[in-house]
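# Observations on the model geometry
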Amino acid sequence: MKRIILLGATGSIGRSACDVVRAHPERFKVVALAVRENLAAAALLGREFGAKVYSGETGAVRAVEENDADLVLVATVGLSGLSPTLTALGKGMTVALATKEVLVAAGELVTAAASAAGRPIIPVDSEHSAIFQCLQGPDAARSVSRLILTASGGPFLDAPLDLDGVTPEQALNHPRWNMGPKVTIDSATMMNKGFEIIEAFWLFGLPVERIDVVVHPESIVHSLVEFSDGATLAQLAPPDMRVPIQYAFTWPERLPAARAPLDLVALGALTFRAPDETRFPALRLAKETLRAGRAKLVALSAADEIAVGRFRRGEIRFGDIVRLVADVVERTESRAPVSVEDVLALDREARARAAAWR
Ligand SMILES: NC(=O)c1ccc[n+]([C@@H]2O[C@H](COP(=O)([O-])OP(=O)(O)OC[C@H]3O[C@@H](n4cnc5c(N)ncnc54)[C@H](OP(=O)(O)O)[C@@H]3O)[C@@H](O)[C@H]2O)c1
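Another point: the domain arrangement of the protein chain. Per the domain assignment, the segments of the protein chain are domain 1 (2–119) and domain 2 (293–358). With centres defined by C-alpha atoms, the gap from domain 1 to domain 2 works out at 25 Å. At the interface, 11 residues of domain 1 touch 12 residues of domain 2. Here domain 1 meets domain 2 over a buried area of about 880 Å², counting both sides, of which 68% is carbon and sulfur. Summed over the shared surface of domain 1 and domain 2, the number is 1 salt bridge. The salt bridge partner of E108 is R294, with a shortest N-O separation of 3.2 Å. Taken together, the connections running from domain 1 to domain 2 amount to 1 residue pair in polar contact (both at pLDDT 80 or more). Mapped by element, the contributors of at least two residues to the side of domain 1 that touches domain 2 are helix 4 (82–90) and helix 5 (100–117). Among the elements that take part in the side of domain 1 that touches domain 2, helix 5 stands out by supplying 6 residues, more than any other. A breakdown of the residues in the side of domain 1 that touches domain 2 according to their chemical character gives 7 nonpolar, 2 polar and 2 charged.

Tracing the chain through its elements places E218 in the loop between strand 8 (211–215) and strand 9 (221–227). Looking at E218, the relative accessible area reads 16%, which means it is buried. In this structure E218 touches R176, A269, L270 and T271, once residues within four positions along its chain are discounted.

Neighbouring the ligand are 26 residues; T10, E37, N38, E101 and D125 lie closest to it. Within the backbone of G11, one N or O atom sits 3.0 Å away from an oxygen atom of the ligand. At the level of elements, helix 1 (12–23), helix 5 and helix 8 (181–189) are the ones that each hand at least two residues to the shell around the ligand. Along the lines of polarity and charge, the residues of the shell around the ligand split into 10 nonpolar, 10 polar and 6 charged.

Moving on: the side chain of D186. Among the structural elements, D186 can be located in helix 8. Setting aside anything within four residues of it in sequence, one finds D186 in contact with M191, N192, F195, D304 and V308.

So, how was this worked out
- Residues numbered from 1 in each chain as written.
- Predicted model: local features only at pLDDT ≥ 70, side-chain atom pairs only at ≥ 80, totals over all residues.
- Heavy atoms only, no water.
- Domains from an automatic or database assignment.
- Contact = heavy atoms within 4.5 Å.
- Buried area = accessible area lost by both parts, 1.4 Å probe.
- Salt bridge = Lys/Arg side-chain N within 4 Å of Asp/Glu carboxyl O.
- Polar contact = N/O pair within 3.5 Å; in protein donor to acceptor, adjacent residues only side chain to side chain.
- Helix = DSSP H or I, 4+ residues; strand = E, 2+ residues; numbered from the N terminus.
- Nonpolar A, V, L, I, M, F, W, Y, C, P; charged D, E, K, R; others polar.
- Buried < 20%, exposed > 50% of the residue type's maximum accessible area, 1.4 Å probe, protein only.
- Near = heavy atom within 4 Å.

Here it is, written out as structure tokens:
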């Protein structure tokens with residue numbers, strides 16, 4: 001029986017994780033769960049799973065500190081996932097990581113902590129889970145020549161180029177995935193894919209020049225790995241986050257799931273095209289920031305979180321999200337944060353700049 005702690009249990013990923021646990025009660029036991037403020041839903045889950053419930057800004061880290069578990073699912077939003085991730089690794093627990101901002105802002109600290117703990121970070125993001133799955137097998141990681149992340153392109157893939165008139169409702173209307181609001185808006189700007197390049201850089205240790213993005217609107221091929229002998233492996237599945245979540249919970253095993261398998265004939269065709277960096281400047285910004293320095297990566301993530309909130313409140317236009325983030329990144333010094341406190345200080349600084357941006 002694998003004992004699991006669910007951080008962000010009431011969110012989109014958290015609810016899918018609960019489904020995975022419900023489907024395999026003989027294999028998984030939720031011992032604790034954490035949310036920020038949705039106490040009513042959290043209490044229901046706590047009763048259902050016989051799990052302890054934590055809430056508030058420090059709830060996630062207390063859930064990890066005060067409980068023993070084999071695996072912690074980190075599925076909160078933003079940098080709130082950082083301290084619980086480090087605490088879990090420090091206690092020798094395996095981390096299944098959905099909260100990509102943790103790797104964007106503090107990839108160096110987190111991967112160092114995982115190495116010190118001798119534990120892999122198991123990716124939950126569907127693209128990184130796909131790559132992780134393609135890399136199973138002895139020596140696979142040594143012969144990789146390129147990682148290819150797929151991107152759905154979001155709701156504005158073919159919209160007229162001036163996106164400044166876009167409303168929050170339009171940006172929240174993702175054509176393929178039903179996700180929480182922050183990641184949905186990030187998908188619409190493609191900042192999400194930029195973050196995923198950075199996430200892949202830390203998880204798989206390839207330079208940014210060897211991490212490519214290809215637009216694949218059907219969201220069936222979740223990513224690909226090209227090997228030095230010319231072979232390319234891909235992972236395909238319906239766009240359903242329960243697939244990568246379950247794999248993260250069972251790795252290196254696979255468990256059956258009551259899901260309809262892919263029907264390739266019904267799909268008929270899968271399409272691919274190059275991303276348009278004029279339409280989606282966030283992609284270039286993320287790659288440039290990765291090259292420019294670690295402190296700027298903290299700013300990238302923090303400023304984006306504030307910008308998305310400001311766009312949703314009608315304070316800035318859609319195109320301003322990336323303009324604001326680029327400006328805050330530009331004004332952030334270029335150095336490597338040396339501790340969690342350092343990361344948190346840089347995060348606060350970038351948030352203040354982003355909140356004041358006009
Ligand atoms: N959704 C997807 O399909 C998807 C796919 C790939 C990656 N991700 C990543 O996974 C993460 C979660 O995304 P999501 O879409 O599931 O978000 P979401 O639907 O907004 O849910 C966020 C969850 O985290 C909780 N939370 C937020 N801040 C917290 C804090 N400080 N302490 C404890 N709990 C906190 C929320 O609690 P309350 O309900 O109380 O607010 C909620 O349970 C994000 O980093 C996202 O980029 C998501």
